[in-house]
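One letter stands for each residue in the lines below.
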Amino acid sequence: GDHRDQHSFPTRRASDLAAVVVVVAAAAVVGVAIAGVAVVLRHRSSARRVAVPADPLLWGRPGPPAFAGRELPNTDNVAGGAAAEDQSAPPGGGAWWLEATRSSAEEEAPPTTDADSSDSPWCSGATTPVVASRAGFPSYCDLYGAGTAIRVTYDGRSLLFNESRALLMSGSLHGARSGGPRSWRRALDTAVEQGLNAMEIYVFWNAHQASNASAAYDWSGNLDVTGLIAECAKRGLFVTLRLGPYVCAEWTYGGIPAWLGLEYPDIEYRTTDPRWLAAMADFVGAVAARVRAAGLWASQGGPVVLAQIENELDVDDLDDGAAYVAWCGELAVGLEPDVPWLMCNGAASNLTINTYNGQDGADFLAQHGQNGRVLVDQPAIWTENEGGYQLWGESADAPSDYFWGTSAAALARATLRWIARGGSVVNYYMWAGGSNLGASAAAGITQGYAFDAPLCSNMIPHQPKFDHLRSMHAALRRVARALLASGTVAAPSKVRDATTTTTNASIFFDEATVRAFVYDDVAVVENDGADALTASLLGVGGGTTTTCRDVRLAPTSAALVIAGGDECGTVLFDSAVVAPEATMYRRRDVVVRGDLGPWSDAALDLDGAAAAWDDAVVADGPVEFTALTAKRPSEQYARFRRDVSERGLLRDGANELVVQVEKSSGVLLFVDGAFRAHAHEQSHDQGAVNLSLGFEYAQVPSVMRGGVVPTLDLVYESFGYHNLMGRWGAGRAAKTKGIYAAWLNGVSIVGSSGAPWLSAPGLPRGADGAVPRTPQHPATPPCTWSVADFDVAPGPVDAPGACGPASAKRFYGVLQVKGLEAIG
């Protein structure tokens, strides 16, 4: 989509057939939608074949993504416009790079870590940048001493590290949504550059233990949780570790492994069901033990100063909900008794801190949280300062669920409103969205995750949001000690109208619109009105200041202002005023490799050797998708076949097949091996829905006489399991996917009275014997695999005007093919 700022294009799911129809239909490229083309790229150096989708925005015509060859002005506006039509092919092929440039050169390039820093000493600053601390705004490196415990306590005002108060500005980074350690290092360097001093990390159970309960946990590659935490420590970043095991997170099944529901079909998740309690305890225990073995808990001198158990827990529908909540708290404290534990946005144990998720936490703080203890004996912690999520086939102006994004001004204002009312921990969710690799996206969620985040998935800062927030972080760091010094939360004060000289009450603005929260000689001043105002803070500070500059308050804003001393009235940061230099970015698509091609094609053959129907399950109807793919937990596809042996059921001419599927699914229909129709439903939801596939069929005489039996083939694709579980109307039972029922011309073809069904997981993905194609990128037959070789350089390309020395300032880029990082 056109975000007109420095986003990368959201990456797409690999081997995508049906989901591509969603995006194509949204772009009104109907011809490509029907074609359902797929693409296979093969790396020459390894000859490994990797499938990627035929995204009409990227591959439907020769050349690069939309906007190639044009520079777009950045705006602080999430909503986009129509895609550009200029998609001419790059010189020599089709490999493209995304470059971010700044029109002024006042700033040095940020430090990066292209070299492996995995063995570098913690907090040395030798190969990595380190958080710059200040009183009230600590760096982990201030407290680091190999093996020396960090004492983490809290009261109603803030966290305390070794008895010193701490303001934490944090960002969410999911290792499993990244390209691996090299991507982490780039992202964490950038977090330090932006002025964060903490990171928040999720652990995804169904990524670490995908196949069954006895399978060994996978901690390799981008699943190396302790490796990611260690990289945070090297840079002075504290860590909040969220163990789940239910995480929501727009992640398929909410992070719960599908095998658990297959093993116990009647299990009740997130309840006192003993099978759930045992499985949950095993997983979170394994994570906690691994963190302990690596010496990463604060009690061991490590950076993990907070941890979370469960997530957004609603127990109002449970008779024993209170017992489950209490059990969660006891489990958490038993895993690690020396760090505070969190339970966010819902029920919370008395042993845990109740924290906030959402877009504006002012009401949460006014009510002292959901447990009545926040700002009383528990600090105000914002675990998810939410920035938006995107769904297939939708746009920013009218999403069916969630919200698309948040402007830089709105995000900064909400953050200052939280700080003004006593908040002392803010975490951006997401700070770096990353990509939903493989089959990890929840129902209907796009491949690019939270791509309105401050850091794009290709490691390019999202401007002007990135720099606007960086300015706010610098201002907060400067005044952190003053904000926290009193130990109490300020009540709002009246603000004087600087344009009025009368002596009566009218010299004050109405507190319903304008107010100041004053901490010593620092204030957060809010203007909720639609008009700009001029205010005076004279007399509201803690000192004896007799002069104070007037403060210009932008509409719908929050400003951090000096409220005493010689600098009284100095605005350190205004949420509504984006510095001009933060908008001086342009996005360009730059060719750095032109070696893609030549292309070859191979038809999707449902009867070929790769199809393996001889291993299919024979049943009265389609086998449920979760059970069918149990041995292939990352599988997104399944095939179903049924002969139409009933005379007259398949008509000569117009026919309709109606299939009942789980929401967020797609179906391709083949009749006698020929593609006939497709249908999909991509909502972020769960439940059954009927899809209609209309098609024409011409019977040959042998069929009419009964000599040949027609065959229906259905190719099914899952767009992910819904991530909700036990909240917002979603049940607590095991989830299902697949085809539930089917009717041909109004007659059910599922059941014991008709012909049997064959069900098999996966697709024939091979492209052996592909026929060379010329010219490059022609229209291809329906459901075609296309193959090309491409070269990848071992490191960054030294190409002036692209990413070499001539334009190294503020350049980042990551090339991923099905999540395999090639260039960073």
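Residues numbered from 1 in each chain as written. Predicted model: local features only at pLDDT ≥ 70, side-chain atom pairs only at ≥ 80, totals over all residues. Heavy atoms only, no water.

A. Highlighting the packing of helix α8 (residues 274-293) against helix α9 (residues 321-335). Viewed as axis vectors pointing N to C, α8 and α9 meet at an angle of 25 degrees, and their least axial separation amounts to 10 Å. With respect to each other, α8 and α9 are oriented roughly parallel. For the pair α8 and α9, the crossing hand works out as right-handed. Residues W276, L277, M280, A281, V284, G285, A288 and R292 of α8 touch α9, and the partners they reach there are Y324, W327, C328, L331 and L335. Grouping the amino acids of the contact of α8 with α9 by side-chain chemistry returns 11 nonpolar, one polar and one charged. (Axes fitted to C-alpha atoms, helices over the stretch in contact; angles between N-to-C directions. Helix = DSSP H or I, 4+ residues; strand = E, 2+ residues; numbered from the N terminus. Parallel < 35°, antiparallel > 145°, perpendicular 65-115°, else oblique. Left-handed = near helix turned anticlockwise from the far one by under 90°. Contact = heavy atoms within 4.5 Å. Nonpolar A, V, L, I, M, F, W, Y, C, P; charged D, E, K, R; others polar.)

B. Representation of the nonpolar core. Counting 148 residues, the largest nonpolar core has L241, W276, W431, L657 and V659 as its most contacted members. Once residues within four sequence positions are removed from consideration, W431 is found in contact with G171, S172, A187, T190, A191, Q194, L196, M199, A453, P454, L455 and F466. Among the nonpolar cores identified, the runner-up in size contains 18 residues, and A523, V525, A535 and A563 belong to it. (Core = buried A, V, L, I, M, F, W, Y, C linked by side-chain atoms within 4.5 Å. Buried < 20%, exposed > 50% of the residue type's maximum accessible area, 1.4 Å probe, protein only.)

C. Inspection of the confidence of the model for the protein chain at higher detail. Taken as a whole, the protein chain shows an average pLDDT of 80; of its residues, 75% reach a score of 70 or greater. Segment residues 1-115: pLDDT under 50, and 344 contacts once partners within four positions in sequence are set aside and those in other chains are kept. Predicted confidence for residues 793-824 stays below pLDDT 50, and this span has 100 contacts to residues more than four positions away or in other chains. (pLDDT = per-residue confidence, 0-100.)

D. Representation of the environment of E330. Mapped onto the elements, E330 comes out in helix α9. Residue class for E330 comes out exposed when judged on its relative accessible area of 51%. Along the primary structure E330 and S349 are separated by 19 residues, whereas in three dimensions their C-alpha atoms are 8.3 Å apart.

E. Structural context of the pattern of salt bridges. For the structure shown, the criterion picks out 30 salt bridges. Across the salt bridge formed by R373 and D377, the nearest N and O atoms sit 3.1 Å from each other. R373 sits in the partly exposed class, given a relative accessible area of 22%. Assessed through its relative accessible area of 34%, D377 is described here as partly exposed. Through salt bridges with shared partners, a single ionic network connects D360, R413, R417, R421, R515, E526 and D528. (Salt bridge = Lys/Arg side-chain N within 4 Å of Asp/Glu carboxyl O.)

F. The arrangement of the side chain of S349 in detail. Tracing the backbone through its elements, the reader meets S349 in the loop between β12 (341-344) and β13 (353-358). Aside from chain neighbours lying at most four places away, what touches S349 is V325, A326, G329 and M343.

G. Focus on the state of the cysteines. Enumeration over the complete set of coordinates arrives at two disulfides. Sulfur-sulfur distance for the disulfide between C123 and C141 comes to 2.1 Å. One quick way to see it: the torsion about the S-S bond of C123 and C141 is about -90 degrees, and its sign makes the bridge left-handed. Here the residue C123 occupies a position in the loop between β4 (95-102) and α3 (140-143), and C141 occupies one in helix α3, the gap between them amounting to 18 residues. Accessibility classification places C123 together with C141 in one group, the buried group. Here C548 connects covalently by a disulfide to C568, the sulfurs 2.0 Å from one another. Disulfide C548 to C568: torsion about the S-S bond roughly -80 degrees, handedness left-handed. (Disulfide = S-S within 2.5 Å.)

H. Summary view of the packing of aromatic side chains. Under the criterion given, the structure shown has 31 aromatic pairs. Aromatic side chains W382 and W418 sit 5.1 Å apart centroid to centroid with 40 degrees between the ring planes, which places their arrangement in the tilted category. Linking W382 in strand β14 (residues 380-386) with W418 in helix α11 (residues 408-420), this pair joins segments that are 36 residues apart in sequence. Taken as a pair, W382 and W418 share a single burial class, namely buried. (Phe/Tyr/Trp six-rings, centres within 6.5 Å; stacked < 30°, edge-to-face > 60°.)

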